[in-house]
Amino acid sequence: MDVIMHAFEHAFFDTLKLIPFLFVTYVAMEALEHHAGGVSEAMVRKAGKAGPAIGALLGAVPQCGFSAAASTLYAARVVTLGTLFAVFLSTSDEMLPILIAEQAPIALIGKVLLIKVLVGMIVGFAIDAALRFMRRDKEALRIHELCERDNCHCNGECEACEENPALAYDFRNDEEHEHDHAGVSIVKSALKHTVQVTLFIFVVTLALEALMDSVGEEALAAFLQGNPALSVLAAAAVGLIPNCAASVALTELYLEGTLGAGAMMGGLLVSAGVGLLVLLRTNRPMRDNLIIMAGLLAVGIAVGGVMTLAGFAL
């Protein structure tokens, strides 16, 4: 019972702090869908070339929110795949608060953040460049498709319009009502999206918290210490767990001397927090999500492996 209550408490507060990020993201997306049209799509595409740099810097902020927002924006194809990778790879999640709480040297904190941001930028720009070379970088916005899948009535129809199609037609020819109408629909649709995704995150996070509390960080440490040759692979696999507990465990294990610098960085690069949960919930086809997760894992293992072989210390 104590494990369940502890897991519930952590899942509740971890999910609660994501709601503002999710709501603001959905409001922005709905506004873009209702008011911007093709002009906004062209502007987003043009600005998207700098996306990996901006995404990597925002991802370094110690919150899960930016990775969750990036997942939603990528699902709607508002940001590029490279930008999504940049955010995921640089996401600090709970790593930074733990390092600060443990009074880790400023130099160590700076190096960890710098590596994550640089790797995020490099990989992000490389992915976008590869997609442009293959002429696969031009994708239409999918905001409307995302709305239809969640059945949130994002086409601008309020309850009165849904009940009376003739009234809806008249309203569409009334500029003043159209303005108010769209505003109500934007907020309503954003709220519905936010509630749906928040509930999904809470349920999955609760299950993961219960699992982590049951197994315990000590068991995880014993596994990593008993398999030094596989420490990078093991840390990267742990980092792929879509929960803040993963970054906490990896950071603590490094500070305790259980993990080497390469293994820790391999795991932290993969650790995108709940951003992966939001990606799985919102992005389609599912095959693309699995490829993205495999790509994150490959980057984490590659960077962690190189650091380990080179004897790189932070």
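Model, not experiment: these values are computed from the prediction.

**Student:** Outline the overall build of the protein, listing residues and values.
**Tutor:** Within the protein one finds 18 helices and 0 strands. Taken across its 314 residues, the protein has 48% of its residues classed as buried. Long-range contacts, defined here as pairs at least 24 residues apart, represent 85% of the contacts in the protein between residues at least 6 apart. Accessible surface for the protein amounts to roughly 15,000 Å². Of this, 67% is attributable to carbon and sulfur atoms.

**Student:** Explain the pattern of salt bridges residue by residue, including any values.
**Tutor:** The tally for this structure, following the rule as stated, stands at 1 salt bridge. Residues Arg 287 and Asp 288 are paired through a salt bridge, measuring 4.0 Å at the closest nitrogen-oxygen approach. Of the residues examined, Arg 287 reaches a relative accessible area of 56% and is grouped as exposed.

**Student:** So what's going on with the packing of aromatic side chains? Which residues, and what values?
**Tutor:** Two aromatic rings, taken as a pair, are described by how far apart their centres are and by the angle between their planes. For the structure on display, the rule yields 2 aromatic pairs. Where Phe 8 meets Phe 202, the ring centres are 5.5 Å apart and the plane angle is 85°; that geometry is what we call edge-to-face. With Phe 8 in helix α1 (residues 2-16) and Phe 202 in helix α12 (residues 175-215), this pair connects stretches of sequence that are 194 residues apart.

**Student:** Could you give an account of the side chain of Asn 289, naming the residues involved and the relevant values?
**Tutor:** Tracing the sequence through the fold places Asn 289 in helix α18 (residues 286-309). A polar atom in the side chain of Asn 289 sits 2.7 Å from the side chain of Asn 283. When neighbours within four sequence positions are excluded, Asn 289 is seen to be in contact with Leu 279, Leu 280, Asn 283 and Arg 284.

**Student:** Just give me the short version of a nonpolar patch on the surface, but keep the residues and values in it.
**Tutor:** The grouping of Phe 8, Phe 12, Phe 13 and Leu 16 at the surface amounts to a nonpolar patch, some 390 Å² of accessible area in total. Overall, the relative accessible area of 40% leaves Phe 8 in the partly exposed class.

**Student:** Explain helix α8 (residues 106-133) to me, using residue names and the numbers behind them.
**Tutor:** Helical geometry: 3.6 residues make up each α-helical turn, so side chains three or four residues apart lie on a common side. For α8, with 28 residues, the first-to-last C-alpha span of 40 Å sits near the 40 Å given by 1.5 Å per residue. Remark: Arg 135 follows α8 within two positions and exhibits a positive phi of approximately 60°.

**Student:** An account of helix α16 (residues 261-270) is requested, with residue identities and associated values reported.
**Tutor:** Burial analysis of α16 places 10 of its 10 residues in the buried class, the great majority of the element. In this structure, the buried residues of α16 make contact with α6 (81-90), α7 (95-101), α8, α14 (231-239), α15 (244-255) and α18.

**Student:** I'd love a proper account of the environment of Val 123, names of residues and values included.
**Tutor:** Within the fold, Val 123 resides in helix α8. On the accessibility criterion, Val 123 (15% relative accessible area) is buried. As for Val 123 and Leu 89, which are separated by 34 residues in sequence, their C-alpha atoms are 8.6 Å apart. In this structure Val 123 touches Phe 85, Leu 89 and Val 299, once residues within four positions along its chain are discounted.

**Student:** Please provide a residue-by-residue account of the packing of α15 against α16, values included.
**Tutor:** Between α15 and α16, the least distance of the axes is 10 Å, while the angle of their chain directions is 170°. Accordingly, the angle class assigned to the pair α15 and α16 is roughly antiparallel. From α15, Ser 247, Leu 250, Thr 251 and Tyr 254 reach across to α16, where they touch Ala 261, Met 264, Gly 267 and Leu 268. Classifying every residue of the contact of α15 with α16 gives 5 nonpolar, 3 polar and no charged.

**Student:** Explain the environment of Met 95 to me, and be specific about the residues and the numbers.
**Tutor:** Along the chain, the position of Met 95 falls in helix α7. For Met 95, a relative accessible area of 1% corresponds to the buried category. As for Met 95 and Val 112, which are separated by 17 residues in sequence, their C-alpha atoms are 9.5 Å apart. When sequence neighbours within four positions are dropped, the list of residues in contact with Met 95 reads Val 112, Leu 113, Lys 116, Ser 247, Thr 251 and Leu 268.

**Student:** Tell me about unusual backbone geometry, and name the residues and values.
**Tutor:** Backbone phi values are negative for most residues with the exception of glycine, while trans is the configuration of most peptide bonds. Look at the link from Arg 284 to Pro 285: it is a cis peptide, with omega at 5°. Topologically, Pro 285 is positioned in the loop between α17 (275-282) and α18. Unlike most non-glycine residues, Arg 77 shows phi in positive territory, near 60°. Looking at where Arg 77 falls in the secondary structure, it is placed in the loop between α5 (65-75) and α6. Classification of Arg 77 by relative accessible area gives buried; the value is 7%.

Basis of the calculations
Residues numbered from 1 in each chain as written. Predicted model: local features only at pLDDT ≥ 70, side-chain atom pairs only at ≥ 80, totals over all residues. Heavy atoms only, no water. Helix = DSSP H or I, 4+ residues; strand = E, 2+ residues; numbered from the N terminus. Buried < 20%, exposed > 50% of the residue type's maximum accessible area, 1.4 Å probe, protein only. Contact = heavy atoms within 4.5 Å. Areas by Shrake-Rupley, 256 points an atom, 1.4 Å probe, with all protein chains shown as cover. Salt bridge = Lys/Arg side-chain N within 4 Å of Asp/Glu carboxyl O. Phe/Tyr/Trp six-rings, centres within 6.5 Å; stacked < 30°, edge-to-face > 60°. Polar contact = N/O pair within 3.5 Å; in protein donor to acceptor, adjacent residues only side chain to side chain. Patch = residues over 30% accessible without salt bridge, like charges linked within 9 Å, V, L, I, M, F, W, Y side chains within 5 Å. Expected span 1.5 Å × (residues − 1). Axes fitted to C-alpha atoms, helices over the stretch in contact; angles between N-to-C directions. Parallel < 35°, antiparallel > 145°, perpendicular 65-115°, else oblique. Nonpolar A, V, L, I, M, F, W, Y, C, P; charged D, E, K, R; others polar.

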